[in-house]
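Structural characterization, general
Here is what each chain is made of, one letter per residue.
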Amino acid sequence: MPNKPVPPAAVGVSKQIQTLLLEGIDQLCTTRCAIDLVWDAMDSMGSDRQANAIHYGVSQIRKELITALETIEAAHRLHSR
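Worth saying up front: this structure is predicted, and the values here are computed from it rather than measured.

**A short note on helix 2 (residues 49-80)**
Over its 32 residues, helix 2 extends 46 Å from the first C-alpha to the last, a length consistent with the 46 Å expected when each residue adds 1.5 Å. Those residues of helix 2 that fall on the buried side of the exposure criterion are Ala51, Val58, Ser59, Leu65, Leu69 and His76.

Put into C-alpha cells, the structure is as follows:
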C-alpha cells in the first residue's frame, strides 16, 4: 500500500509539535539546573530536621522533573522518526 502524501496543514502542525517539544525540553533542562543549584546549596546546610525535610522535598521535585523530561524527550524521539 503506497504512502499517501501528507497534507501541508499536517506538516505545519507536525513542525509546531516538534518545536513545542524542544521548547519543553529546554525549559525542563533550565529548571533542572536551578534545582541542582538549590541541591548544592542544601548540601552545605547542616543536617537538622528542617534541612532534611527541604532536602527530601527537593529530591522528590527533582525525580518528577527528570521523569517529565524523559517523557517529553521520548515523545520528541517518536515524533522525529
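Moving on, there is more to tell.
**A few points about the pattern of salt bridges**
In this structure the tally under the stated criterion is 1 salt bridge. Here Asp36 ties to Arg62 by a salt bridge, and the two come within 2.8 Å at their closest N and O atoms. You can see Asp36 sitting in helix 1 (residues 8-43) and its partner Arg62 sitting in helix 2, a full 26 residues away along the chain. Judged by its relative accessible area of 23%, Asp36 is partly exposed. The exposure class of Arg62 is partly exposed, given its relative accessible area of 23%.

**Examining the state of the cysteines**
Should the sulfur atoms of two cysteines be covalently bonded, the bond is a disulfide. This structure, assessed with the given rule, holds 0 disulfides. Residue Cys29 stays outside any disulfide, its sulfur separated by 7.0 Å from that of Cys33, the closest cysteine. Among the residues examined, Cys29 registers a relative accessible area of 32% and is labelled partly exposed.

Here is what the cut-offs are and how they apply
Residues numbered from 1 in each chain as written. Predicted model: local features only at pLDDT ≥ 70, side-chain atom pairs only at ≥ 80, totals over all residues. Heavy atoms only, no water. Helix = DSSP H or I, 4+ residues; strand = E, 2+ residues; numbered from the N terminus. Expected span 1.5 Å × (residues − 1). Buried < 20%, exposed > 50% of the residue type's maximum accessible area, 1.4 Å probe, protein only. Salt bridge = Lys/Arg side-chain N within 4 Å of Asp/Glu carboxyl O. Disulfide = S-S within 2.5 Å.

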